[in-house]
Protein chains: 2
Amino acid sequence: MVQQERAIRTRRVILEAAAATFDEHGYESTTIAEILERAEVTKGALYFHFSSKGDLARGVLAAAVTTGGVRPHALKLQELADAMLLLAFRLPREPMLSAALRMAVDPRTRRRFGTAWPEWAEVMADLLREAKARGEVLAHTDEEEVGRMIVSAWTGVRVVTEGLPGAYDLPGEIARLLRLLLAAVATPAVLPRLEISAARAARLYADTPTGRAEAAGSVPCGITA
Amino acid sequence: MVQQERAIRTRRVILEAAAATFDEHGYESTTIAEILERAEVTKGALYFHFSSKGDLARGVLAAAVTTGGVRPHALKLQELADAMLLLAFRLPREPMLSAALRMAVDPRTRRRFGTAWPEWAEVMADLLREAKARGEVLAHTDEEEVGRMIVSAWTGVRVVTEGLPGAYDLPGEIARLLRLLLAAVATPAVLPRLEISAARAARLYADTPTGRAEAAGSVPCGITA
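The shown structure was predicted, so the numbers you read here are calculated from the model rather than taken from an experiment.

Chemist: Go over the overall build of chain A with me, naming the residues and quoting the values.
Modeler: On a plain count of helices and strands, chain A comes out with twelve helices and zero strands. Helices and strands in chain A line up, N terminus first, as α-α-α-α-α-α-α-α-α-α-α-α. Since a compact globule built from 225 residues should have a radius of gyration of about 17 Å, the 19 Å found for chain A is in line with a globular shape. Along the longest, intermediate and shortest principal axes, the C-alpha atoms of chain A span 60 × 40 × 35 Å. Relative to its full complement of 225 residues, chain A shows a buried share of 44%. Restricting the contact set of chain A to residue pairs at least 6 apart, pairs at least 24 apart contribute 66%.

Here is the structure:
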């Protein structure tokens with residue numbers, strides 16, 4: 001059992017080292033040697049868990065769709081906003097997320113490994129369907145379409161924010177985006193009840209295991225802060 | 001004079017060959033030899049116009065901000081929508097535009113050459129300011145912020161559309177995005193007067209010089225269809 005826990009931990013350490021290296025240099029330029037050096041594990045340990053660099057890339061992508069930290073709320077649209085706000089707060093802190101996005105944006109890695117976008121769009125569409133069933137969403141809203149637009153626009157804000165001069169914080173920009181998009185989707189009674197702000201993103205994050213560990217000055221094993 | 005025209009034409013041919021190659025293989029992987037082969041010009045001709053591969057990349061980026069084809073309209077918000085719709089229709093047809101976007105999205109080329117995003121965001125903000133002065137836009141709208149969001153979300157739709165399974169046409173997706181964003185920005189009297197559709201994008205394009213040449217079955221010299 002202890003041995004199994006150690007194996008899970010080692011796998012996670014390797015995956016995070018791979019993510020951090022992909023994120024810095026891009027998948028193509030990364031070598032296995034760099035990942036070994038960063039993870040501080042032996043070649044044998046790495047190949048025990050992953051058969052190739054491509055296998056590591058697939059592992060990083062699989063870890064990138066997560067709504068962890070989003071808590072049940074009376075309004076489904078608030079849960080939707082929370083998922084997107086939390087992702088914005090976590091992405092600059094977690095190489096696993098930014099590496100996955102970088103690989104999705106790069107045409108070469110995208111062609112080879114696919115992306116997490118279809119899954120994310122489905123998560124959004126499901127929340128919109130639940131929200132509509134509760135009367136939170138305008139009747140003419142197409143949930144699939146709006147779900148796809150939220151994921152697309154979120155991605156664009158992340159990509160463009162990096163490329164603009166001036167310091168735009170991602171959670172602040174994502175909050176601005178969501179306020180615009182949800183104004184076109186929420187019913188007039190629901191809209192003013194939504195809290196969409198960078199401050200909420202920070203509060204949600206502080207309540208996740210990683211956030212609590214960060215606040216306590218330590219980082220739980222195997223989770224990159 | 002004839003000689004000067006030929007020089008301008010040659011420069012354009014080389015720039016478009018560079019754009020098409022950057023677009024296909026990425027800036028880093030492209031060699032000058034490939035550009036020469038595609039442009040069917042001599043090395044001497046290329047270096048007469050451009051000092052390096054980097055110089056070609058800068059030329060491509062400089063050609064990527066254009067509101068050509070947008071005609072004056074009674075509603076400034078329609079002009080804004082038209083600029084974004086037309087860009088969506090042109091981008092899959094013009095390697096100059098898609099290469100510029102690909103270079104902006106790639107962190108390495110972005111760091112080296114910058115992007116056209118700040119200029120595009122400024123074009124959008126200017127149109128929003130004019131629209132607000134005419135009472136087309138809700139009073140609480142922040143023109144800089146919404147301009148930035150339009151450019152960001154547009155970029156995201158382009159990037160994600162390429163990565164999603166299924167055939168989403170860019171003008172159609174951009175029309176869906178603009179309908180959402182402008183619903184949060186336009187005054188109730190103006191919103192129903194806006195025409196935001198892929199069909200409008202096609203009509204606007206058909207009225208540009210490139211579009212007219214395409215319809216007539218020929219392509220004007222130096223313009224990639």
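So, next bit.
Chemist: Got a sec to walk through the interface of chain A and chain B? Specific residues and values, please.
Modeler: Tallying the contact residues gives 27 residues for chain A and 27 residues for chain B. Listing elements by their share of the side of chain A that touches chain B, those giving two or more residues are α6 (95-105), α8 (117-133), α9 (143-163) and α10 (170-183) of chain A. Counting residues per element, the side of chain A that touches chain B draws most heavily on α9 of chain A, at 13 residues.

Chemist: For the domain arrangement of chain A, give the residues involved together with the corresponding values.
Modeler: Residue and element names in this part refer to chain A. Here chain A is partitioned into domain 1 (2-62) and domain 2 (76-215). Its C-alpha centre places domain 1 at a distance of 27 Å from the equivalent point of domain 2. Between domain 1 and domain 2, the contact holds twelve residues from the first and twelve residues from the second. The set of elements that each furnish at least two residues to the side of domain 1 that touches domain 2 consists of α1 (2-25) and α4 (53-62). The class makeup of the residues in the side of domain 1 that touches domain 2 is seven nonpolar, one polar and four charged.

Chemist: Give me the lowdown on the relation of the copies chain A and chain B, citing residues and values where you can.
Modeler: Note on the copies: chain A fits chain B at an RMSD of 0.0 Å, the axial shift is 0.0 Å, and the rotation between them is 180°. Overall, the copies show the geometry of a two-fold rotation axis. Both copies contact each other with a shared surface, as 100% of the interface residues of chain A are interface residues in chain B too.

Chemist: Any details on the confidence of the model for chain A? Residues and values, ideally.
Modeler: Residue and element names in this part refer to chain A. Looking at chain A, the pLDDT average stands at 90 and 96% of residues meet or exceed 70. Contacts of residues 221-225 to residues separated by more than four positions or lying in other chains number 13 contacts, the stretch itself having pLDDT below 50. Across the predicted assembly, pTM comes out at 0.88 and ipTM at 0.87.

Chemist: Can you lay out helix α11 (residues 198-206) of chain B for me, pointing to particular residues and giving the numbers?
Modeler: In an α-helix there are 3.6 residues to a turn, and that puts residues three or four apart on one side. All names here are of chain B. Restricting attention to buried positions, one finds in α11 the residues A201, L204 and Y205. One side of α11 holds all its buried residues, which, seen down the axis, span an arc of 100°. In this structure, the buried residues of α11 make contact with α5 (76-90), α10 (170-183) and α12 (209-215).

Chemist: So what's going on with α5 of chain B? Which residues, and what values?
Modeler: With 15 residues, α5 of chain B ought to run about 21 Å at 1.5 Å a step, and its terminal C-alpha atoms sit 21 Å apart, in line with that. Counting buried residues along α5 of chain B, 14 of its 15 residues qualify, which places the element largely inside the surrounding structure.

Chemist: A description of unusual backbone geometry should follow, citing residues and the corresponding values.
Modeler: In this model, E40 of chain A sits at a positive phi of 55°, which is unusual for a non-glycine residue. As for its placement among the helices and strands, E40 of chain A is situated in the loop between α2 (32-39) and α3 (43-49).

Chemist: Account for the nonpolar core, naming residues and giving values.
Modeler: Counting residues in each nonpolar core, the largest one holds 144 residues, and the members touching the most others are V60, M84 and A100 of chain A together with V60, M84 and A100 of chain B. Excluding its chain neighbours within four sequence positions, the residues that come into contact with M84 of chain A are I150, W154, I174 and L178 of chain A.

Chemist: An account of the environment of F113 of chain A is requested, with residue identities and associated values reported.
Modeler: Residue and element names in this part refer to chain A. The residue F113 is located in helix α7 (residues 107-113) in this model. A sequence separation of 58 residues divides F113 from D55, and the C-alpha atoms of the two residues are 9.6 Å apart. Once you skip the residues sitting within four places of it in the chain, F113 turns out to touch A57, R58, L61 and M103.

What counts as what
In every chain, residue numbers begin from 1 and rise along the written sequence. Chain letters start at A and ligand numbers start at 1, both assigned in the order the entries are written. Totals for whole chains, interfaces and linings use all residues, but because this is a predicted model, local features are given only for residues with pLDDT of at least 70 and pairs of side-chain atoms are given and counted only at 80 or more. In this text, helices come from DSSP runs of H or I with a minimum length of four residues, and strands from runs of E with a minimum of two, each type numbered from the N-terminal end. Here the radius of gyration uses the C-alpha set of atoms, whereas the globule reference equals 2.2 Å times the residue count to the power 0.38. Residues are called buried when their C-beta atom has 20 or more other C-beta atoms within 10 Å, exposed when it has 12 or fewer, and partly exposed otherwise; all C-beta atoms are positioned from the backbone. Residues are treated as contacting if the C-beta atoms built from their backbones sit within 7 Å of each other. Throughout, the edges of the domains are those of an automatic or database domain assignment. For this scheme, ten residues count as nonpolar: Ala, Val, Leu, Ile, Met, Phe, Trp, Tyr, Cys and Pro. Four count as charged, namely Asp, Glu, Lys and Arg, and the remainder, Gly too, count as polar. Least-squares fitting of one copy onto the other uses the C-alpha atoms of those residues that reach a pLDDT of at least 70 in both copies. On a range of 0 to 100, pLDDT expresses the predictor's confidence in each residue. The directions from the helix axis to the C-beta atoms are what the arc is built from. Helix span is expected to be 1.5 Å times the residue number reduced by one. A set of buried Ala, Val, Leu, Ile, Met, Phe, Trp, Tyr and Cys residues, joined through C-beta atoms within 7 Å, is what we mean by a nonpolar core.

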